[in-house]
Every structure is written in C-alpha cells, then in structure tokens.
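Descriptive structure summary
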Amino acid sequence: MELVGRRERPQQRQRRQKPVSAISPLIKYSLFVFTFFFWLIACALLGTGIYARVEKGQVNAIVDLLADPAFLLIVVGSLAWVVGFIGCVGALRENICLLKTYFYILMLLFVLQLVGAILGFVFSDTVEERIGDLVESAIERYRDDIDLQNLIDWTQKEFECCGGEDGFKDWHQHNRYFNCTDLNPSRERCGVPYSCCRPEGQEVVINTMCGYDFAPDTTVSPIGYQNQLCIQVTELLETYTNKYKVYFNP
C-alpha cells in the first residue's frame, strides 16, 4: 500500500516534463544570430555617435545639430539598437509578442523605404532641389565640422563629383575659406578641396594642396578636376556602379 501511495500522480509527472519548443532550433538560433549581429552593429553606431558628439562639445543651434553626422549616427543607432534588442530577446525566449513586434517594425521600415523610393522617383526634381540645399549648407560648414568635412571629401572622391548645383563654383560662393573676394586672406582663396581633384594614377600619398590656386576666372572645370555635380543622383549612382562593377563581374 505504501508503494502505491508513493507513486506520482500523472498530473505531477506531466508538470515536471520539460516543455517542448514549438519553433525549430535551427530557425530560432539562426534568427538570434542574425539579430544579435544587427544589434552589435547598432551598438557600434550608437557608441561612435555619442563619442563624436561629446568630443565636439556644445551645439550652437538646432540647425547645426540636425546637420551633424554624429547626431545622425545617434538617432539611427538608437532605433537599430531597440529593434535589434526586441529581435534578440524575442528569438531567444520564443516570445511571440516580441517576435510579432519585430516583424511589424521590419515590415514598416520596408514599406517606408519603398514609398520613399517611389516618391523620390516621381518627384525627382524636388529631391534634387532639396539635396542641392543640403549640399550648399554642408559646403558652408565644411571647415567648421571635422566629421562633416570627412563626409564631404569621401562623397566627392567616391562619386567623383565636386560641388552642388553650380559645381566647383559653389565652393567660391558658399564657403568663406574658398571664396574669391579680395578680403579673403586664406591660402585656399579661389580654391577647392583636394577631394575635387582627379587622382593621377595610383597615388600613394594624397596631395591635399592640389586644389589651391584653382581657377577663379573659369566657367568650366579645368582638366584634372571633377566636373560632375554632387546633386545629380542618377549620374552619381551610374558612376559608382561602373567604378565597382569589376568586383561583381570579374
């Protein structure tokens, strides 16, 4: 009778059984690894943005803050960090609510990108006008923000362009260091940044003074300098694609 009494009830044995996962382990951990990698990238972006923003010190105006690449890194990094965290926890804990939230956020981002691409194609003239205003504002603050300066130089070198709507003349019109007025004592007077220069062969050492004494009286970009505008989106994408298509079509 004691042996019978000591036997566990079926309900107790069922409670002690390990719960069976409804999700395939392969799918579960694959999703976790992907979202965790995405989350690490978000942490890197956020950390870099915070470090750059702290190093710059106080911001003079809200306009300067919105045009700051460090602020852009902080915003993008923060959003990506939240999305990646939701995906990681949802996949690891098999939380259906978090996984649905993660799915809906990704779907919303995809729809927004699709709508943005369609609107950009339909209103291409307006987009180029807005890009032109942004480029002029960036040119004006070229020497005031080292991050913005590096971003402009990278853009002009990679996309082989110089200036905005008026090409190289934008540097003479909108930047106080490069303008051609007689009151400008800068050594860079009537010049352009080195990123406007066309590289000569395989340069080992970059000549950062190649834009000095540019050509104050010319209306066409001289030989040796980029003549493409940084607001011609279609041409820039075509140039960038042709530049690197060798890596995709060996």
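Look up a bit, the structure's there.
Please read these numbers as outputs of a predicted model, since none were measured by experiment. (Residues numbered from 1 in each chain as written. Predicted model: local features only at pLDDT ≥ 70, side-chain atom pairs only at ≥ 80, totals over all residues. Heavy atoms only, no water.)

Focus: the environment of P193
Assignment of secondary structure puts P193 in the loop between α9 (169-174) and α10 (233-248). Residue class for P193 comes out buried when judged on its relative accessible area of 2%. Here the alpha-carbon distance between P193 and Y142, two residues 51 residues apart in the chain, equals 9.5 Å. Sequence-distant contacts of P193, that is, excluding residues within four places in its chain, are made with Y142, D153, Q156, W171 and F178. (Helix = DSSP H or I, 4+ residues; strand = E, 2+ residues; numbered from the N terminus. Buried < 20%, exposed > 50% of the residue type's maximum accessible area, 1.4 Å probe, protein only. Contact = heavy atoms within 4.5 Å.)

A short note on unusual backbone geometry
Phi angles above zero are rare outside glycine, and E94 is one such case at about 55 degrees. Tracing the backbone through its elements, the reader meets E94 in the loop between α5 (69-93) and α6 (96-122). The partly exposed category is assigned to E94, whose relative accessible area is 24%.

Focus on the packing of aromatic side chains
Scanning the entire structure with this criterion turns up nine aromatic pairs. Connected via pairs of aromatic rings, a cluster forms that spans F32, F36, W39, W81 and F85. (Phe/Tyr/Trp six-rings, centres within 6.5 Å; stacked < 30°, edge-to-face > 60°.)

Thoughts on the state of the cysteines
Two cysteines, two sulfur atoms, one covalent bond between them: this is a disulfide. This structure, assessed with the given rule, holds three disulfides. There is a disulfide in this structure between C162 and C196, and the S-S distance comes to 2.1 Å. The S-S bond linking C162 to C196 shows a torsion near 85 degrees; that makes this disulfide right-handed. Taken together, the residues C162 in the loop between α8 (146-158) and α9 and C196 in the loop between α9 and α10 connect sequence positions 34 residues apart. The same class applies to C162 as to C196, namely buried. Covalently, C197 is tied to C210 through a disulfide, its sulfur atoms 2.1 Å apart. Looking down the S-S bond of the C197 and C210 bridge, the torsion is 110 degrees, so its handedness is right-handed. (Disulfide = S-S within 2.5 Å.)

Examining the pattern of salt bridges
Scanning the entire structure with this criterion turns up four salt bridges. Note that R143 is salt-bridged to E188, the shortest N-O span being 2.2 Å. Within this pair, whereas R143 is found in the loop between α7 (124-140) and α8, its partner E188 is found in the loop between α9 and α10, the two being separated by 45 residues in sequence. For R143, a relative accessible area of 32% puts it in the partly exposed group. A residue is classified by how much of its surface remains accessible, and E188, at 10% relative accessible area, is buried. (Salt bridge = Lys/Arg side-chain N within 4 Å of Asp/Glu carboxyl O.)

What about the nonpolar core?
Across soluble globular proteins, nonpolar side chains show a tendency to be buried alongside one another. Membership of the largest hydrophobic core is limited to 12 residues, which are V135, A138, I139, Y142, L148, I152, C162, F168, W171, F178, V192 and C196. Looking at this core, the elements that each hand over two or more residues are α7 and α8. When near neighbours in sequence (up to four residues on either side) are disregarded, I139 contacts I152, G163, G164, D170, W171, H174 and N175. (Core = buried A, V, L, I, M, F, W, Y, C linked by side-chain atoms within 4.5 Å.)

Remarks on the side chain of S195
With respect to the helices, strands and loops of the structure, S195 is situated in the loop between α9 and α10. A relative accessible area of 0% places S195 in the buried class. Polar side-chain contacts of S195 include one of 2.8 Å to the side chain of D153. A polar atom in the side chain of S195 sits 2.6 Å from the side chain of Q156. (Polar contact = N/O pair within 3.5 Å; in protein donor to acceptor, adjacent residues only side chain to side chain.)

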